[in-house]
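Geometric and topological summary
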Amino acid sequence: QVQLLESGGGLVQPGGSLRLSCAASGRSFSGGTMGWYRQAPGKQRELVAAITSGGSTNYADPVKGRFTISRDNAKNTVYLQMNSLKPEDTAVYYCNAHPDWGLVYNYWGQGTQVTVSS
């Protein structure tokens, strides 16, 4: 049974930092892409950051320079370091895993709430 379990969300003040973790189980995802998406109220789910099996990264423009995605294949885990958080970063953040090319699998976590507010 494949599971992606997010952790690290919570309430933080503007300018603060959070580190999200996504621990995968059921299979190894070292050979594919892992990423983070987010969905704010009234908005569609959007890509935040992704990292391929080869270590290539992709960031959404609003988070470039503030967020960093990384992975630890030995732990089957992907991280999202979020710095200089803004109220507009408030959303449910979802972990995702899929192949570098194709869609033979596409797994999602249940999400973790990130709220940036003073």
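Here the structure is shown first, and the text comes after it.
Everything in this summary refers to the structure shown in the same document. (Residues numbered from 1 in each chain as written. Predicted model: local features only at pLDDT ≥ 70, side-chain atom pairs only at ≥ 80, totals over all residues. Heavy atoms only, no water.)

**Comments concerning the environment of Asp 72**
Along the chain, Asp 72 falls in strand 7 (residues 67–72). Exposure remark for Asp 72: the relative accessible area of 25% places this residue in the partly exposed category. Separated by 49 residues in the primary sequence, Asp 72 and Ala 23 place their C-alpha atoms 9.7 Å from one another. A polar side-chain atom of Asp 72 sits 3.1 Å from the main-chain amide nitrogen of Ala 74. (Helix = DSSP H or I, 4+ residues; strand = E, 2+ residues; numbered from the N terminus. Buried < 20%, exposed > 50% of the residue type's maximum accessible area, 1.4 Å probe, protein only. Polar contact = N/O pair within 3.5 Å; in protein donor to acceptor, adjacent residues only side chain to side chain.)

**Some remarks on the sheet that holds strand 7**
If you walk across this open sheet you meet the four strands as 1-3-8-7, and the pairing is antiparallel. Since the sheet does not close on itself, it has two edges, and those belong to strand 1 (3–7) and strand 7, each with one partner. Across this sheet, the average inter-strand angle for adjacent strands is 15°, counted without regard to direction. (Pairing = 2+ DSSP bridges. Axes fitted to C-alpha atoms, helices over the stretch in contact; angles between N-to-C directions.)

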